[in-house]
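# Examination of the molecular architecture
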Amino acid sequence: MGILEQFEQWLVNYWPSWAAYLVPPLVAFAILSTFILVVVMAFIYIERRGIGRFQVRLGPNRAGPFGVLQPVADAIKVLIKEDIIPAKGDRWVHWLAPIIAFIPALMIFAVIPFGHGAIFADLNIGILYIIAISSLGIIGVFMAGWGSNNKYSLVSAMRTVAQMISYEIPLVLSIIGVLIITGSLSMVSIVEGQHVPFLLLQPLGFLIFFLAAAAEINRTPFDLLEAESEIVAGYHIEYSGMKFGLFYLGEYTHAFAISAIVAILFLGGWSGPFLPPALWFLIKVFSVFIVLFWLRSTLPRLRVDQLMGFAWKCLFPLALINIFITGIEAIIWPNFPWQLLILNILIAALLIVLWSGFFRVAGERVSFERYGRGIAKGLALTFRHLFRHPITVQYPEQRLTPSRRFRGNLLVWDVERCNGCRACARMCPISIIDIETARGDKGLVVERLEIDFGRCMFCGLCVEACPVEALFMSRDYEKASYRRELLVMKKEQFVAAEKRPSAYAYPELEAEMPPQTLLAPPKGGR
Amino acid sequence: MPLKTEPVMINFGPQHPSTHGVFRMRITFDGEVIVDMEPIFGYLHRGIEKLAESRTYTQNIPYTDRLDYLASMSNNLAYVMAVENLAGIAVPERAEYLRVIMAELMRIASHLMAVGALLNDMGAFFTPFMYMFREREKILDLFEMVCGQRLTYNYMRIGGVSQDIPEEFLPALKRFIDEMLGFIDEYDQLLAENEILLARSKGVGILPAELAINASVSGPMLRASGVKWDIRRADPYSVYDRFDFEIPTGKMGDTYDRYWVRIQEMRQSTRVVKQAMEQLPQGEVRAKVPLTLRPPKGEAYARIEAPKGELGFYLVSDDSANPYRFKVRAPSLINLTVLRDLCLGWKLADAIVIFGSIDICLGEVDR
Amino acid sequence: METGIAISFWILAAVTIASALAVVLFRNIFHAALFLVLCFFTIAGIFVILSADFLAAAQVLIYVGAIAVLIIFAIMLTRETQRGSPSGRLRLPALMVGLLFLATMVFIVVSTDWQVITEIPDQPTTSAIAQALFSGEEGFVLPFEIAAALLLAAIIGAIVLVRER
């Protein structure tokens, strides 16, 4: 008996029966939604930090300790942004699309067991329900593509439809192997039927499911419908504010759902030694998700025709063969002894090797003859980068020393030495040095000096032109203003300014300056 | 049964993440297949060639930084060589070596940027880009050490370079060069055998050698088509005839070859830098040339093998302090002219990748 | 419990009919297609009320997830969706056929003696459906396989028709 029924039975003693019937699902729904949102935020955080580490960056680390509040900050930003509807777009379709894209992702969780009995509704068609519901999300996507009245969106919507329909088939077929073994569509009995994780008993099914699922939730290398470098953001190019937020949330909720389904179908769900079941479940879900963004941070994207070819020529026949083999095994060894996993792994390896030689992408030009060895190498390299020292620094707190010859902003002007010869003004390629001189006791005296640092390009020619060593580049590099006129430096400011001359064109100054910080060699070797 | 279809026209750019600046392509699609494309440029036109006519020869050096801003050193080099040809100035030997070191480092930095951006266009989520930027960053550090800037160097001067290298430069350069080969191997490991990369780039956007020559394409693009043409060998300038290096050439002239040639050129460039470092003589780095130079009447052309191709400066002097005519033979612009031929018949995603593999810099295309 | 089911049935039925009407009456065929999706979806809801959970899932999976999506895909590839289809010569015959079909349906609904099930339906319906379809004696294995072969032939035929060269 599930937690939900127990709650209902307990409630019946105190409340009228209709309330006892209605309240537990509502409470459960509220708890579930909150939990999903929290996990989704954790996903977003982990992905952003994780990809940062894969790319030897620090990743977001400002909001809260270690940046854990970054998703919250993002959510607040998204909520208060202006909501834009394209003038010639289809208003209602545009408005409804994000909701329709988001809700199915949430509905999947109704049948996902987080532990013994910790399930919203243990439907006996659980997995079928998931497949049916998750096919609804695409309607939202192409409503967005259509409603935006934008060609990029439309291209993206067409790609979506083609991709989803193609990948749904191997996705469903690869599950059937699992269903043959457990003999049930219910998620709970699939978990309970796994004495050996189906990852080992159904290696081929797992691979097909994983790849097709990655395509369903548009993760690299199948993220064609977002394809930032091609169609910019695809279907949500015209969305802003909360509506964009819903798409974003829906995408990660879907990723969470898919990771959970992989964990249930192939990794044994909540079962595991020592730790509490819910924790095991979450560990498995997060590991699946980590693999997903590991792939994202390593691989380029496939092209449309290659994507279709991969689904129809590679995943689809392999999924059929997998069903066939599992069916034969079900007849010969009806209760699937664990020794079978050796045979299944061998068969999977053999089929993959055969298929990579047989399956060609882009006509006859490229073959996948090398069984994904190149991809594996790349994955190994990005994994090693996880342990390298990040190359970015925490800027305002941690500063790098610039070069001794740094040509920074604001020139250093030595009023004592300047003889008003105007050589600097003549040399300046963009004529921004404005000097007026008057005759004084000892030669010329500068009366007015104005330099517009809003236009200066720091070429250093004025410093080189100065015959009396009165002008230096500075080693400062921070100067910002909201008003351009504040960037025009006057004579008085030059006299009063703190003088940090750089050794540019004056190598004799170099000796007493601190050495430049160079990018440190990677820690932990190459 | 013929199906009646209707072409769709899509505008790419000038604001688009993969046009590497403000470039615009008007592409006509049939489904996802490109049937026509019209490159439109000029959004970054600043009139540098005209501006240069009212600046002195020295004042023009910072302007050349802003042509191909990813390879400022090479631009500096080509320009000062043209002025030196015009005025007949001899350059001290140490300066020549320093110029070669800078130009080759610049080539590595520019190729890193080109390959990184190409892979980004292919859809790799910034990871190769970040790895390559890491090494580019080290080169920029070296440049900053020498001339105080990280992007617009203004380092070369007519008759030499603006100042000698600081003493910590050579050890830092040596460390970088030693590391660099290992990092190039890492790029190979990450990418060269990646099946998706192969599928996306092999056979895509083939540029036949004949078309490449007829269209006056130069640089890695030409060599990827199998033409062994490198001005460092064909018409040696500076001290390039003293170094031992190979000219990598591709076989098919497809996107993969263009990628591969760039990676190999980085290897060769490290070789050149290593040799230049060993042979570096002592002495002056700048000939005695006045800052305001008045070359005799006449004209001069100087060309170098810039990272993106043959970069030439044509100067006409009328005996005044400013050039009478200042013309840039920009490799980016000329390489870009074959874009339409490469893209026809390919898909939308390929057009982006082919465009990325040409490696242009809009600052140089529009000038 | 009982009233809850009754209420949801009437809501679903009303939405089904309203959206079906919208499909027919809307000028913008993209909107019409979206209402078709809604219609299919509410029918799945009615299946759920009837405890036919497998059928409901199959309805969503096939009708909403595949057929409606393909219809919308086809609409996206056409122009002039805002104005709807132009009037043709077949308007009157179409009306006749439609009315005839309606009359048949109404006649069947009225004349059939609908049985009301009193016992609680079988709970896992999946295996019951499978038994009914594939069991050895009274199953429909042969018709099922024939239908599959027919569909395959249709797919191959479509590919042959649109294939270039």
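Note that the structure is a prediction, hence the values are computed from the model and not measured. (Residues numbered from 1 in each chain as written. Chains lettered and ligands numbered in written order. Predicted model: local features only at pLDDT ≥ 70, side-chain atom pairs only at ≥ 80, totals over all residues. Heavy atoms only, no water.)

Check the secondary structure of chain C and you find 6 helices and 0 strands. When the helices and strands of chain C are read in sequence order from the N terminus, they spell out α-α-α-α-α-α. With 165 residues in all, chain C has 23% of them scored as buried. For chain C, contacts bridging at least 24 residues in sequence account for 55% of all contacts bridging at least 6. Accessible surface, chain C: about 12,300 Å² in total, of which carbon and sulfur atoms supply 75%. (Helix = DSSP H or I, 4+ residues; strand = E, 2+ residues; numbered from the N terminus. Buried < 20%, exposed > 50% of the residue type's maximum accessible area, 1.4 Å probe, protein only. Contact = heavy atoms within 4.5 Å. Areas by Shrake-Rupley, 256 points an atom, 1.4 Å probe, with all protein chains shown as cover.)

Residue-level contacts link 25 residues of chain C with 23 residues of chain A. In terms of surface lost to chain A, no three residues of chain C exceed C:Leu61, C:Val69 and C:Met76, which account for 27% of the buried area on that side. The interface formed by chain C and chain A holds 0 salt bridges in total. Elements that contribute at least two residues to the side of chain C that touches chain A include exactly helix H2 (29-49) and helix H3 (53-76) of chain C. For the side of chain C that touches chain A, the leading source of residues is H3(C), giving 12 residues. The residue inventory of the side of chain C that touches chain A, partitioned by class, reads 17 nonpolar, 7 polar and 1 charged. (Buried area = accessible area lost by both parts, 1.4 Å probe. Salt bridge = Lys/Arg side-chain N within 4 Å of Asp/Glu carboxyl O. Nonpolar A, V, L, I, M, F, W, Y, C, P; charged D, E, K, R; others polar.)

This part is about the sheet that holds strand E2 (residues 24-30) of chain B. Residue and element names in this part refer to chain B. Spatially, the 3 strands line up as an open sheet ordered E1-E2-E3, and their pairing is antiparallel. A single partner strand is all that each edge strand has here, and the edge strands are strand E1 (8-12) and strand E3 (33-40). For this sheet, the mean inter-axis angle between neighbouring strands, taken without regard to orientation, is 20 degrees. Alignment of E1 against E2, held across 5 bridges, turns out to be antiparallel. Its bridge partner lying in E2, Phe12 is registered against Met25. Across the sheet, helix H14 (residues 348-358) is in contact with E1, E2 and E3; its angle to E2 comes to roughly 150 degrees. (Pairing = 2+ DSSP bridges. Axes fitted to C-alpha atoms, helices over the stretch in contact; angles between N-to-C directions.)

To continue, consider a nonpolar patch on the surface. Residues and elements named next belong to chain A. On the surface, Met41, Phe66, Val68, Leu69, Val72, Ile76, Leu79, Ile80 and Met242 cluster together into a nonpolar patch covering about 850 Å² of accessible area. The leading source of residues in the nonpolar patch is helix H3 (residues 70-80), at 4 residues. Structurally, the position occupied by Ile76 is in helix H3. (Patch = residues over 30% accessible without salt bridge, like charges linked within 9 Å, V, L, I, M, F, W, Y side chains within 5 Å.)

On to the sheet that holds strand E5 (residues 443-452) of chain A, then. The pairing of strands in a sheet happens through backbone hydrogen bonds and is either parallel or antiparallel. All names here are of chain A. The 3 strands are arranged E4-E5-E7 in an open sheet whose pairing can be described as antiparallel. The sheet is open, and its two borders are formed by strand E4 (433-440) and strand E7 (488-490), each paired with just one other strand. Averaged over all neighbouring strand pairs, the angle between strand axes comes to 20 degrees, with direction disregarded. Note that E4 and E5 share 8 bridges and pair antiparallel. Paired with Gly440 across the two strands is Gly443, which belongs to E5.

Quick look at the packing of aromatic side chains now. Overall, the coordinates contain 41 aromatic pairs over all chains when judged by the stated rule. Across the ring face of A:Tyr504, the terminal group of A:Arg407 is positioned such that the distance to the ring centre comes to 5.1 Å. The ring of B:Phe133 has B:Arg136 lying over it, and the distance from NZ or CZ to the ring centre is 5.2 Å. (Phe/Tyr/Trp six-rings, centres within 6.5 Å; stacked < 30°, edge-to-face > 60°. Lys NZ or Arg CZ within 6 Å of the ring centre and 35° of its normal.)

All names here are of chain A. When you line up the elements, Ile264 lands in helix H12 (residues 241-266). Ile264 sits in the buried class, given a relative accessible area of 0%. Spatially, the C-alpha atom of Ile264 lies 23 Å from that of Pro25, the residues being 239 residues apart in sequence. Sequence-distant contacts of Ile264, that is, excluding residues within four places in its chain, are made with Ile112, Pro113, Met187, Ile190, Val191, Gln194, Gly269 and Phe281.

This paragraph deals with the domain arrangement of chain C. Taken domain by domain, chain C holds domain 1 (1-82) and domain 2 (124-165). Taking only C-alpha atoms into account, the centre of domain 1 of chain C sits 24 Å from that of domain 2 of chain C. (Domains from an automatic or database assignment.)

Counting residues at the interface gives 74 residues for chain B and 74 residues for chain A. Around 6,400 Å² of area is buried between chain B and chain A when both sides are counted, 55% of it from carbon and sulfur atoms. For chain B, the biggest contributors to the area lost against chain A are B:Phe125, B:Glu195 and B:Ile196; these three give 11% of the whole. Between chain B and chain A we count 4 salt bridges in total. One salt bridge in this structure joins B:Asp350 and A:Arg303, with 2.8 Å as the shortest N-O distance. There are 29 residue pairs in polar contact (both at pLDDT 80 or more) connecting chain B and chain A. Those elements that provide at least two residues to the side of chain B that touches chain A are E1, helix H2 (60-65), helix H4 (93-121), helix H5 (127-147), helix H6 (169-192), helix H7 (195-201) and H14 of chain B. With 11 residues, H5(B) is the largest single contributor of residues to the side of chain B that touches chain A. The residue makeup of the side of chain B that touches chain A, split by class, is 32 nonpolar, 19 polar and 23 charged. (Polar contact = N/O pair within 3.5 Å; in protein donor to acceptor, adjacent residues only side chain to side chain.)

Glancing now at the pattern of salt bridges. Residues and elements named next belong to chain B. Here the structure, examined in full by the defined rule, presents 46 salt bridges over all chains. The partner of Arg150 in a salt bridge is Asp141, and the shortest N-O contact between them spans 2.9 Å. You can call Arg150 partly exposed: its relative accessible area is 24%. Note on Asp141: relative accessible area 7%, which makes it buried. Note that Arg267 and Asp185 form a salt bridge whose closest N and O atoms lie 2.8 Å from each other. Of this pair, Arg267 sits in helix H11 (residues 255-279) while Asp185 sits in helix H6, and the two are 82 residues apart along the sequence.

Glancing now at the side chain of B:Thr56. Topologically, B:Thr56 is positioned in the loop between helix H1 (48-51) and H2. Once residues within four sequence positions are removed from consideration, B:Thr56 is found in contact with B:Thr292, B:Ala321 and B:Asn322.

All names here are of chain A. Packing of helix H7 (residues 151-182) against helix H10 (residues 203-216) brings their axes to within 8 Å, and their N-to-C directions diverge by 155 degrees. In terms of axis orientation, H7 runs roughly antiparallel to H10. Of the two elements, H7 crosses H10, and the hand of that crossing is left-handed. Where H7 abuts H10, its residues Gln163, Met164, Tyr167, Glu168, Pro170, Leu171, Ser174 and Ile175 lie against Gly205, Ile208, Phe209, Ala212, Ala213, Ala215 and Glu216. Residue composition of the contact of H7 with H10, by class: 10 nonpolar, 3 polar and 2 charged. (Parallel < 35°, antiparallel > 145°, perpendicular 65-115°, else oblique. Left-handed = near helix turned anticlockwise from the far one by under 90°.)

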